[in-house]
Amino acid sequence: MKKIRVIDSHTGGEPTRVVIDGAPTSPEKGALAARDFLTTEHDWLRRALILEPRGFEAIVGAYLCEPADSTCVIGAVFFNNVSYLNGCLHATIGVVQTLVHLGKISPGDHRIETPSGIVTATLADDGTVTVKNIPSYRFRENQVVEVPGYGPITGDIAWGGNWFFLIQDQGPEVRFSEIEELTRFTSAVMEALEDQKIRGAYGGEIDHIESFGPPQEGVEADSQNFVLCPGKAYDRSPCGTGTSAKLACLAASGTLAEGETWRQASIIGTIFEGSFINLPEGKKITPVIQGKAYIIAESTLLLDPSDPFQFGIGS
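Our subject in this report is the structure included herewith. Note that this is a predicted model, so its numbers are computed, not measured. (Residues numbered from 1 in each chain as written. Predicted model: local features only at pLDDT ≥ 70, side-chain atom pairs only at ≥ 80, totals over all residues. Heavy atoms only, no water.)

As paired strands, strand β4 (residues 74-79) and strand β6 (residues 108-114) are joined by two bridges and run parallel to one another. When the sheet's bridge partners are listed, G75 is paired in β6 with E113. Bridge count for β6 against strand β7 (residues 117-123) is seven bridges, and the pairing is antiparallel. Within β7, the residue paired with H110 across the bridge is A121. Where β6 folds back onto β7 in an antiparallel hairpin, the turn is made up of two residues. (Pairing = 2+ DSSP bridges. Helix = DSSP H or I, 4+ residues; strand = E, 2+ residues; numbered from the N terminus.)

Moving on, we come to helix α3 (residues 89-101). The first and last C-alpha atoms of α3 sit 18 Å apart over 13 residues, in line with the 18 Å expected at 1.5 Å per residue. Across the 13 residues that make up α3, a large majority, 11, are buried. Taken together, the buried positions of α3 are occupied by L89, H90, A91, T92, I93, G94, V95, V96, Q97, T98 and L99. One or two residues past the end of α3 sits G103, with phi positive at roughly 75°. (Expected span 1.5 Å × (residues − 1). Buried < 20%, exposed > 50% of the residue type's maximum accessible area, 1.4 Å probe, protein only.)

Within this structure, the stated rule accounts for seven aromatic pairs. Ring centres of W159 and W163 lie 5.3 Å apart, and the angle between their planes is 55°; this geometry places the pair in the tilted category. A relative accessible area of 15% means that W159 is categorised as buried. Three or more aromatic residues link up through ring pairs in this structure, and these residues are Y137, F139, W159 and W163. In this structure, R236 packs its charged tip against the face of Y234, placed 3.9 Å from the ring centre. Its end group placed over the ring of F212, K246 keeps NZ or CZ at 4.2 Å from the ring centre. (Phe/Tyr/Trp six-rings, centres within 6.5 Å; stacked < 30°, edge-to-face > 60°. Lys NZ or Arg CZ within 6 Å of the ring centre and 35° of its normal.)

Counting residues in each nonpolar core, the largest one holds 58 residues, and the members touching the most others are F78, F165 and I209. At eight residues, the largest contribution of residues to this core is made by helix α4 (residues 179-195). Counting 20 residues, the second-largest nonpolar core is a separate cluster that includes A31, L38, C65 and Y84. (Core = buried A, V, L, I, M, F, W, Y, C linked by side-chain atoms within 4.5 Å.)

Burial of strand β16 (residues 285-291) is extensive: six of the seven residues sit out of reach of the surface. Bridge count between strand β8 (residues 129-132) and β16: four bridges; the pairing is antiparallel. Pairing of K132 across the sheet is with V288, part of β16. Note: strand β15 (residues 271-278) against β16, six bridges, orientation antiparallel. Looking at β16, one finds that G274 is bridged to I289. Hairpin geometry of β15 and β16 is characterised by an intervening segment of six residues between the two adjacent antiparallel strands and by a positive phi of about 90° at G282.

Here T11 is to be found in strand β1 (residues 2-11). At a separation of 2.9 Å, a polar atom in the side chain of T11 contacts the main-chain carbonyl oxygen of H90. Contacts of T11, omitting those with residues within four sequence positions, involve H90, I93, G94, S237, F272, K292 and A293. (Polar contact = N/O pair within 3.5 Å; in protein donor to acceptor, adjacent residues only side chain to side chain. Contact = heavy atoms within 4.5 Å.)

On to the pattern of salt bridges, then. Side chains that differ in charge, positive against negative, can pair when their charged atoms come close. In this structure the tally under the stated criterion is 12 salt bridges. A salt bridge links D43 to R47; the shortest N-O distance between them is 3.5 Å. Placement of both D43 and R47 in helix α2 (residues 43-50) is noted, with a separation of four residues, approximately one turn of the helix. In this structure, the salt-bridge partner of R263 is E273, at a minimum N-O distance of 2.8 Å. Taken together, the positions of R263 in strand β14 (residues 262-265) and E273 in strand β15 put the pair 10 residues apart, joining distant regions of the chain. Residue classification places E273 among the partly exposed residues on the basis of a relative accessible area of 29%. Ionic contacts of the salt-bridge type, sharing partners, join the residues D43, R46 and R47 into one network. (Salt bridge = Lys/Arg side-chain N within 4 Å of Asp/Glu carboxyl O.)

With an omega of 10°, the peptide bond running from E52 to P53 counts as cis. Relative to the helices and strands, P53 is located in the loop between α2 and β3 (60-65).

This is how it looks when you write it as structure tokens:
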């Protein structure tokens, strides 16, 4: 009977499951090496932790490792129900809160190594975490994709740690009551982008679709979004890498100035505050995303060799 200890948290409603004991140890330092190690040799860990019956489609897992960069407090590899993610800011905030819970860190600046690069998380006394993300940018403006059942849809392609297709005021209304239709719509957009070979820079797969609209009544924000993630689960939080991509588009369009705050609401009404710092080359920004995570469980997961679903249902 194999035992794996995890700590669960949520950031703006989106869950993170951090492995703290029982996982195989990567033989090489660094988040990229650890991701390759898990992908090629130990993908059972992702499946066991995230797939049913132990998990569900919205959970993002985090595997902690020794960083290659000695200035980092930890390395982290993120994964979901279908794959490994380049980056994940809601989960980064969850990792920070988990390290606080374990007594590993205290308020201050903490560098975290991820597969997409090093981010800096500043922990405040009240538990709020402000993350300086990797350089982000808009790759293409007003890209048109023909979506079966919906017609031509126009969006921006941007990098915020993952590749996003950002849609403004098209398709179903961005409201919690429209989640099923929003899922159908954004899934159709994702499939159309792939079918029509529309990609990010260097052929990067656009695996996140983000639809924006005005905030619902009672939500104090500049915008409300619905984000479809790989595996076709929707993000309960405003999505940190998605908000980074949004900030990159706002900066490129001159809609938001450096240092100004953008309040991004999620489909359930939770808020990330975002701003950006211009980088010297002028076309990229450093997004700054603020949010808070809450610890919700400490668990020991049991993997019984006689259980036909010890590694989860599906792949």
